[in-house]
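# Topology and contacts: notes
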Amino acid sequence: MMARKKPVKYIFVLGGVISGLGKGIAAASIGYLLKSAGLKVTILKLDPYLNVDPGTMNPYQHGEVFVLDDGSETDLDLGHYERFIDVDMQKINNATTGQVYSTVLERERRGDYLGATIQVIPHITDEIIARIKAINTPKKFDVVICEVGGTVGDIESLPFMEAIRQLSLEVGYHNHTIMHVTLVPYIQASEELKTKPTQHSVMKLREIGLTPDMILCRTEFKLTKDVRNKIGLFGNVNPDHVIEGTEVKSIYEVPLTLYNQKVSEIIMDRLQLPGKADISYLKSFIKKFKEPRHQVNIAMCGKYTELPDAYKSVLEAFVHSGVENDAQVNVHWIATEEIKNDLDAEEAFKDMNGILLLPGFGSRGSEGKIISCKYARENRIPFLGICLGLQCAVIEFARNVCGLKDANSTEFNKKTLYPVIDLMESQKAIKAKGGTMRLGAYKATIKKGTKAFSAYRKTNISERHRHRWEVNNRYRDRLTKNGLIISGENPELNLVEIVELKDHPWYVAGQFHPELKSRVSKAHPLFRDFIKASVKQMKKVKL
């Protein structure tokens, strides 16, 4: 007799009261705990907005665009998923209302529905259910965690809630569980926590036909026994299933907070899953994070410096690399538009142990970025350039070392005499915004004896890209003859991937986004070595 296949378990994470309560962190933390118990876990983000993906959305509205290996431009929560559970996500791990409706309407145009009237129920909800199931086809995961963006009661999210109701009924009691993330505000005037918003949010959820099994309460203060009992009573859950979500110093403490409140046990008991969560590594990580031996000051130079969420992955990569170097990374935001000359650069960077040039698009602040590269090169400050950061480093080197005075990128100046950064010929005829991008994972070969090789410790790597412009190969000989080392290149497309300087403590720039592959379990090699060099610089300055 063939062994009966184990049913897939589903965990739904839904939000209430307000958005931005950390549903993504909650989902990723649950994923971490279950994976540490030996289970195979994946996470799906359902986004109710009508955009097809966040690729063309303003960072001020949506934060960072997180690029996957397959080139998908996805929600920043997928970054949290990857960082916590160390599993590479794919396009199917992020579904939006725009994608769902597009698929259904394409089918209708093809005649797949045989002339039927297309409705939200069953056609849209069926497509949502199909996408939830598709993430585990073929069945390689034990648990699928599904986070729904927005808040309960939003018009946009209603089809997703209905799909979850139908799927929950289909899979049965021991194969699904629902966590509701809400807010329990503290009213200063009366000096008390208020449970009414949570009560109303649960009421709204139950009107839709969904009942939470756990309520995660974001709160500034600890929940008293009375508050837990009240939420449990009105929310129709066991008071032990009312979970406290107070502020923590690091998002990587959240799994520990949930573990201490027996969240993994509650979930594994409900879903009849084997094993026990192991938090030993994370406890050690948090201890190092809270008690570092060193402190380094890193300048973050870019365009959206007033919006940290636009660079979420870079900030998290600093946490990972800081812990691995026993250092606290103090980030100093530098708006490159304000750097007009060498004196401005001197003032901005005088107390810095390292300079990171952030990715971005457009000419805004570009001259300030180029001056920042010059300062790091001439003053022997550890430097890491990401994507546009590499291009600015090449422009600066071409101008000030190779003697190409007006060298530039055609992105900044279409009429530049020396286009050391340019679009590839194959891209120039493409007008659509997304069409000219080099998106997703590309391979690169690393040159031995370089700082890049010292970081990666291997010759073949794969990194994620999101850019249009490239180093112009017509200028490669001139750049290398003057001392620029091309330490990484794409052999198939013959494109520059990493550049560095030989006679410099640590000056490395990549055409890709290393921050997208940094994990809590292993910092990205370039970030690790950049912070290592910055710690050395800090010690040298102290002497």
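See the structure above.
Structure report, in brief. Given the structure is predicted, the values throughout are model-derived calculations rather than measurements. Chains are numbered independently. Their residues run from 1 in the order of the written sequence. The model is predicted, so local features are restricted to residues of pLDDT at least 70 and side-chain atom pairs to those at 80 or more, both for listing and for counting; the totals for chains, interfaces and linings are taken over all residues. Note: side-chain values were computed over all heavy atoms of the structure, leaving out hydrogens and water.

## What about a positive patch on the surface?
Like charges are joined within 9 Å and nonpolar side chains (Val, Leu, Ile, Met, Phe, Trp, Tyr) within 5 Å, but only among residues with over 30% relative accessible area and no salt bridge; these make up the patches. For the area figures, the Shrake-Rupley method with a 1.4 Å probe applies, and any residue is considered shielded solely by the protein chains shown. Salt bridges, as used here, are contacts in which a Lys or Arg side-chain nitrogen is within 4 Å of a carboxyl oxygen on Asp or Glu. A positive count includes Lys and Arg, and a negative count includes Asp and Glu. His and the chain ends are not counted in either. Taken as the charge location is NZ of Lys, CZ of Arg, CG of Asp or CD of Glu. Taken together, the side chains of Arg457, Lys532, Lys536 and Lys539 define a basic patch exposed on the protein surface. Comment: elements are numbered from the N terminus, with helices defined as DSSP H or I runs of at least four residues and strands as E runs of at least two. Residue position: Lys539 is located in helix α18 (residues 525–542).

## Some details on helix α7 (residues 196–208)
Working rule for helices: expected span equals 1.5 Å times residues minus one. Helix length check: α7 (13 residues) gives 19 Å between terminal C-alpha atoms against 18 Å at 1.5 Å per residue, within 8%. Think of it in three bands: with a 1.4 Å probe and only protein chains considered, a residue is buried below 20% of the maximum accessible area for its type, exposed above 50%, and partly exposed in between. Burial in α7 covers these residues: Thr198, Gln199, Ser201, Val202, Leu205 and Ile208. Pairs of residues are marked as contacts when any of their non-hydrogen atoms sit within 4.5 Å. Tucked inside the fold, the buried residues of α7 contact β1 (9–15), α6 (158–171), β7 (176–183), β10 (214–218) and α8 (225–235). Positive backbone phi, approximately 110 degrees, marks Gly209, located one or two places after α7.

## With respect to the pattern of salt bridges
Evaluation of the coordinates by the stated rule reveals 38 salt bridges. The salt bridge involving Lys133 is made with Glu170; its shortest N-O contact spans 2.7 Å. Of this pair, Lys133 sits in helix α5 (residues 120–134) while Glu170 sits in helix α6; the two residues are 37 residues apart in sequence, bridging distant segments of the chain. Given a relative accessible area of 32%, Lys133 falls into the partly exposed group. For the salt bridge of Glu497 with Arg438, the shortest nitrogen-to-oxygen distance reads 3.1 Å. Pair noted here: Glu497 is in strand β22 (residues 495–501) and Arg438 is in strand β18 (residues 438–446), with a separation of 59 residues, a long-range link. Take Glu497 and Arg438: they sit in the same class, and that class is buried.

## Here's the deal with the packing of aromatic side chains
Aromatic rings from Phe, Tyr and Trp, taking only the six-membered ring of Trp, are treated as a pair when their centres fall within 6.5 Å; an angle between ring planes under 30 degrees marks them as stacked, one over 60 as edge-to-face, and anything in between as tilted. In total, this model carries 11 aromatic pairs according to the counting rule given. For the pair Tyr10 and Phe12, a centre-to-centre distance of 6.2 Å together with 5 degrees between the ring planes defines the contact as stacked. Phe12 shares its class with Tyr10; the two are buried. Between the aromatic rings of Phe318 and Phe527, the centroid separation amounts to 5.6 Å while the plane-to-plane angle is 75 degrees, which identifies the pairing as edge-to-face. You can see Phe318 sitting in helix α12 (residues 312–324) and its partner Phe527 sitting in helix α18, a full 209 residues away along the chain. Both residues of the pair, Phe318 and Phe527, count as buried. Here the guanidinium or amino end of Arg270 rests over the ring plane of Tyr173, the centre of that ring lying 3.7 Å away. Taking NZ or CZ as reference, Arg438 lies 4.9 Å from the ring centre of Tyr442, over its face. Geometrically, a charge over a ring is one whose NZ (Lys) or CZ (Arg) sits within 6 Å of the ring centre while staying within 35 degrees of the ring normal.

That's the geometry; what it means functionally is another story.
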